[in-house]
Each structure stands twice: as C-alpha cells, then as structure tokens.
Amino acid sequence: MTAAPQLVVHRDKELMAQAAAARLITKIVDAQAARGFASVVLTGGRNGNGLLAALSSSAAKDAIDWSRLDLWWGDERFLPDGDPERNYTQAKEALLDSVPLNPARVHPMPASDGAYEVDAAAEMYAAELTAAAGPEDHGRVPTFDVLMLGVGPDTHVASLFPELPAVRESERTVVGVHGAPKPPPVRITLTLPAIRSAREVWLLAAGEDKASAAAIALSGAGEVQAPAAGAYGRARTLWLLDAAAASQLPRDLYPPASP
Ligand SMILES: O=C(O)[C@H](O)[C@@H](O)[C@H](O)[C@H](O)COP(=O)(O)O
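Residues numbered from 1 in each chain as written. Predicted model: local features only at pLDDT ≥ 70, side-chain atom pairs only at ≥ 80, totals over all residues. Heavy atoms only, no water.

The name that an unreviewed UniProt entry assigns to the protein is 6-phosphogluconolactonase, with the source organism given as Streptomyces longisporoflavus. What UniProt states about the protein under its Pathway (unreviewed entry) heading is, verbatim, "Carbohydrate degradation; pentose phosphate pathway; D-ribulose 5-phosphate from D-glucose 6-phosphate (oxidative stage): step 2/3." Under the heading Function (unreviewed entry), UniProt records this for the protein: "Hydrolysis of 6-phosphogluconolactone to 6-phosphogluconate." (UniProt positions renumbered as here; feature names shortened; annotations may be inferred.)

In structure tokens:
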C-alpha cells in the first residue's frame, strides 16, 4: 500500500515552476551529499519545460554538481534527432545546454532516424536502464531520486494515455506507443512499473485545463482510465499544482495554498 499523495498548491503556474525548481535543486544536492550522485527523470510539456527554465535562471543551480547527475526521460516523441518537438530538444534549450553535465550520464530516448523502429527502440532504452541499475536498485531500472511527470488534461502521464495498451503494461519497463491522442502519435514511454521504482514521483499540474484531470486522478479513479492515478513513488508521491489546477479538488484534499 502506498502512502497517500501529498499536495502543494501554488498561487499560479509561474510560482509553481519556480518553487518546483527550488525543490528539485535541494533534492539533487541532498542526494549527491548522501550518495555521491543523483538520478532524475525529466518530463516533457509546458510544465516540465517551465520547471527546467526556472531552474536555469536560479542562482542556486550552481549548488548542483552537474557532472554527477544522471538524467533520464519518462517519455519521448518518436521524431528525428534535433526535431524541435522532441522532449530532449526542448530540455536542452530550457536548461541542459547551459549546465556542465557529463554527456555519458545523460540518457535521451532514441530518435526516429536512428537504427531502430519504435518498439525496438523502446527495448534498447529498457536495456540501457537495466545496464545502469545496480545491486542496490529494485530490479531492472536505477532507483531514481525524482521522477517528474507532467499531467495531461485527459489524466495521461508520460505517454501513458487512458485505455491504451501502454498503461496496462505490467512487465516491461519501456514500451512503444502507437496512436497517441496527443501528437505525435508514435512515442516511447516508461511504464507504470518503471515509474513506481522511483523514490519520489512528482506530478506537475498547472492551469485551468488540468483541474478536471487532477480531481479525477486524486479521487480514486483507476489507473487505466486515469493513468496519473497509477503514478506513485516508493517513498513519496507529490502533486505540485497551481490554484487553477487545484480548483476542482474535493475540499478535504485541498491543502492551504502557498502565499
Ligand atoms: O511528450 C509529452 O507531451 C509529455 O511528456 C507529456 O506527458 C506532458 O508532460 C503532458 O502532456 C503535459 O503537458 P503540458 O504540461 O504541456 O500540459
């Protein structure tokens, strides 16, 4: 049984991005102090990229030893390398190109102009995750310190869309997605078992268009109908919202908003 999700509600999406970035910096610095490195899974979309942009403009980012940070992705749009719509491209523009990462520790998901079609590319990424897992990890993926997920208006997370096969996957850690309702239709995604291996899962939801999704996912919906409801961490599940996205939450779930 997992602990109940924690909710933090910020005044607006700009403050949510800034506060989430500060929270991530602290989490990375603490992990590096405790274990010598940190492992983070990034998400695409406006909220995910907004957090990266906020982190990029934070003076505190220099507290991170970027050479000892492992970066993975929760999903990727299966497009050619360098395509502006790829989550990796957008993350590079928002932050990655401006910090001294160790390229060997940055793990983008395969692009469509590589050697593999999408299902084989997913298998390659699964193998990369397994190769990075150590004896102290839980099985076939590294123990991610933080795995971030933007929440879609239909409650999708990563590229796990309601009722599609990928959200039902219970064995594989990475799968190809065909016919995604959010373009592009072909994607690669971590599955719920892989997501649940993270110590902490942070769900990012800002904007009026996320209010219904947040309320559905936090009110007991099933994970096949509402994939965000199935995204939880081993130690912590944290929803980071703005007031607009929290506006339809049941009152007993709605914590006091930050100032
Ligand atoms: O490839 C993607 O599009 C993302 O990984 C996707 O899961 C995103 O995080 C959500 O759709 C929320 O996106 P917004 O924050 O833009 O609403």
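Following the structure, the description resumes.
A short note on the site of the ligand
In the region of the ligand, 15 residues are neighbours, and R46, D75, H156, K182 and K210 sit closest. A distance of 3.2 Å separates an oxygen atom of the ligand from a polar side-chain atom of N87. One of the side-chain nitrogen or oxygen atoms of H156 is found 2.6 Å away from an oxygen atom of the ligand. In the complex, 98% of the free accessible area of the ligand, which totals 420 Å², lies under the protein chains. For the shell around the ligand, the secondary-structure elements that each account for two or more residues are α2 (45-56) and β4 (75-77). Of the residues forming the shell around the ligand, the biggest block, three residues, is contributed by α2. Per-class residue counts for the shell around the ligand are two nonpolar, seven polar and six charged. (Near = heavy atom within 4 Å. Polar contact = N/O pair within 3.5 Å; in protein donor to acceptor, adjacent residues only side chain to side chain. Areas by Shrake-Rupley, 256 points an atom, 1.4 Å probe, with all protein chains shown as cover. Helix = DSSP H or I, 4+ residues; strand = E, 2+ residues; numbered from the N terminus. Nonpolar A, V, L, I, M, F, W, Y, C, P; charged D, E, K, R; others polar.)

Let's talk about helix α4 (residues 118-132)
With 15 residues, α4 should reach 21 Å at 1.5 Å per residue; the first-to-last C-alpha distance of 21 Å fits that figure. Every buried residue of α4 is listed here: V118, A120, A121, A122, Y125, A126 and L129. Buried positions along α4 lie against β3 (69-73), β6 (174-177) and β7 (187-190). (Expected span 1.5 Å × (residues − 1). Buried < 20%, exposed > 50% of the residue type's maximum accessible area, 1.4 Å probe, protein only. Contact = heavy atoms within 4.5 Å.)

Quick notes on the packing of helix α1 (residues 13-35) against α2
α2 packs onto α1 with a crossing angle of 65° between their chain directions and a minimal axis gap of 8 Å. Put simply, α1 runs roughly perpendicular to α2. As for how α1 packs across α2, the hand of that crossing is right-handed. From α1, M16, A17, Q18, A20, A21, L24 and I25 reach across to α2, where they touch N47, G50, L51, A54 and L55. (Axes fitted to C-alpha atoms, helices over the stretch in contact; angles between N-to-C directions. Parallel < 35°, antiparallel > 145°, perpendicular 65-115°, else oblique. Left-handed = near helix turned anticlockwise from the far one by under 90°.)

Comments concerning the sheet that holds strand β5 (residues 146-150)
Taken in spatial order, the six strands make up an open sheet running β1-β9-β8-β5-β2-β3, and their pairing is parallel. Across the chains shown, the open sheet's two edge strands, defined by having one partner strand only, are β1 (6-10) and β3. Ignoring strand direction, the axes of neighbouring strands in this sheet form an average angle of 20°. When β5 meets strand β8 (residues 200-205), the two strands line up parallel, connected through five bridges. Opposite L147, over in β8, you have V201 as the bridge partner. Here α2 sits on the sheet and contacts β2 (38-42), β5 and β8; the angle it forms with β8, its principal contact strand, is near 105°. (Pairing = 2+ DSSP bridges.)

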